[in-house]
Amino acid sequence: MARIIAIANQKGGVGKTTTAISLSSSLAHFNRRVLLIDMDPQGNSSRGVGTDITLIAKSVYDVLTKDADINKIIRRTAMKNLDLLPANLKLASTESEMINRTNQPFFLLKNSLSNLKKEYDYMIIDCPPSLGLLNINALVASSSVLIPVQCEYFAMEAVAQILASISKIQSSYNPDLGIEGFLLTMYDPRTRLGTEITTQVRGLFKENTFLTQIPRNISLPEASARGIPVTLYRPTSSGSLAYLSLAKEVMDHEER
Ligand SMILES: Nc1ncnc2c1ncn2[C@@H]1O[C@H](COP(=O)(O)OP(=O)(O)OP(=O)(O)O)[C@@H](O)[C@H]1O
Ligand SMILES: [Mg+2]
């Protein structure tokens, strides 16, 4: 059965999308069959794997609001083993439509994933920077959550909030939801703040913090801007090597 990992943190700009794209492409690199699910109306994950979101007729929006066949909306990417369920701006207006169409609006993504015909080893969900219905759908559908923590001010406040939402979801809709791990992102060892946040997170969540830290590396934004995962764009950059190492840690959890 596929492991479904939500990349979530309601704080904006902490590296969720970069992690979703680069972890997906790294797992695909190691021959895992991966579906990247874009749940953010900004569509940055879709763009990051080379999809022009202005040209796609249907997206995850149609899956969540109209019962469209998910199998017809999933697209291949240029990378072997990596498929995409794309998002576009339409997704910004889904919430009321989702609530109006069912009395179980939290389960819409989970239910549609159960109709998948193709088999995947991993589904990686890129969540939006909010705690709304889209995020709840992602957490309800997932087996675990990976929480990127940017080595920046107010990082710990954001962590406390996401942990509170995770425990709400666990107690009401998805008791099996686990923590895949905390991931330190945009780490710069030259800044005192970088080292401080790292020490705090590792102190509080020792077992649950990935050994891999993602360094600040210009190849990551460059790769996103070109719509090519960093593992293809600059395979030997520090950013690419870090995400490949993260993928190995995630695959080590397969035995759990
Ligand atoms: N390790 C890194 N090194 C350098 N730049 C990075 C790194 N990780 C992310 N970035 C850049 O920082 C910005 C924010 O990253 P990203 O889009 O991944 O965050 P996000 O959490 O998905 O944001 P949002 O909350 O808006 O969805 C982007 O421009 C991205 O290219
Ligand atoms: Mg994002």
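So, here's what we can say about the structure. (Residues numbered from 1 in each chain as written. Chains lettered and ligands numbered in written order. Predicted model: local features only at pLDDT ≥ 70, side-chain atom pairs only at ≥ 80, totals over all residues. Heavy atoms only, no water.)

Let us look at the packing of aromatic side chains. The geometry of an aromatic ring pair is captured by two quantities: the separation of the ring centres and the angle between the planes. Using the criterion set out here, one finds three aromatic pairs in the structure. Taking the centre distance of 5.9 Å and the plane angle of 80 degrees together, the rings of F107 and Y173 count as edge-to-face. Pair noted here: F107 is in the loop between α5 (94–101) and α6 (108–113) and Y173 is in the loop between α8 (155–172) and β7 (178–187), with a separation of 66 residues, a long-range link. Overall, F107 belongs to the buried group, its relative accessible area being 19%. (Phe/Tyr/Trp six-rings, centres within 6.5 Å; stacked < 30°, edge-to-face > 60°. Helix = DSSP H or I, 4+ residues; strand = E, 2+ residues; numbered from the N terminus. Buried < 20%, exposed > 50% of the residue type's maximum accessible area, 1.4 Å probe, protein only.)

We now examine unusual backbone geometry. In this structure, D67 takes a positive phi of about 60 degrees despite not being glycine. The residue D67 is located in the loop between α3 (60–66) and α4 (70–73) in this model. In this structure, M186 takes a positive phi of about 50 degrees despite not being glycine. Inspection of the secondary structure puts M186 in strand β7. Given a relative accessible area of 24%, M186 falls into the partly exposed group.

A word on the nonpolar core. Counting 51 residues, the largest nonpolar core has L64, L85, L113 and V149 as the members making the most contacts within it. A total of seven residues in this core trace back to one element, the largest contributor, which is helix α7 (residues 133–141). When sequence neighbours within four positions are dropped, the list of residues in contact with L85 reads L35, L36, I37, D38, V60, V63, I70, I73 and I74. Counting 29 residues, the second largest nonpolar core, distinct from the first, contains A20, L23, L36 and M79. (Core = buried A, V, L, I, M, F, W, Y, C linked by side-chain atoms within 4.5 Å. Contact = heavy atoms within 4.5 Å.)

Here we come to the packing of helix α1 (residues 16–29) against helix α12 (residues 238–252). At a minimum axis separation of 8 Å, α1 and α12 run at an interaxial angle of 70 degrees. Taken together, the axis directions place α1 and α12 in an arrangement best described as roughly perpendicular. On the side of α1, the interface is formed by T18, T19, S22, L23, S26, L27 and H29, while α12 contributes Y243, L244, L246, A247, V250 and M251. When its residues are assigned to classes, the contact of α1 with α12 shows eight nonpolar, five polar and no charged. (Axes fitted to C-alpha atoms, helices over the stretch in contact; angles between N-to-C directions. Parallel < 35°, antiparallel > 145°, perpendicular 65-115°, else oblique. Nonpolar A, V, L, I, M, F, W, Y, C, P; charged D, E, K, R; others polar.)

Let's shift gears to the side chain of S26. Tracing the backbone through its elements, the reader meets S26 in helix α1. A distance of 3.4 Å separates a polar atom in the side chain of S26 from the backbone oxygen of Y243. In contact with S26, not counting residues within four places along its chain, are T231, Y243, L244 and A247. (Polar contact = N/O pair within 3.5 Å; in protein donor to acceptor, adjacent residues only side chain to side chain.)

In terms of burial, strand β6 (residues 144–150) is largely enclosed, as seven of its seven residues are buried. Here β6 shows two buried faces, one formed by S144, L146, P148 and Q150 and the other by V145, I147 and V149. In the sheet, strand β1 (residues 3–7) pairs with β6 via three bridges, with the strands oriented parallel. Directly across from I7, in β6, lies its bridge partner L146. The pairing of β6 with β7 spans seven bridges and is classified as parallel. Within β7, the residue paired with Q150 across the bridge is T185. (Pairing = 2+ DSSP bridges.)

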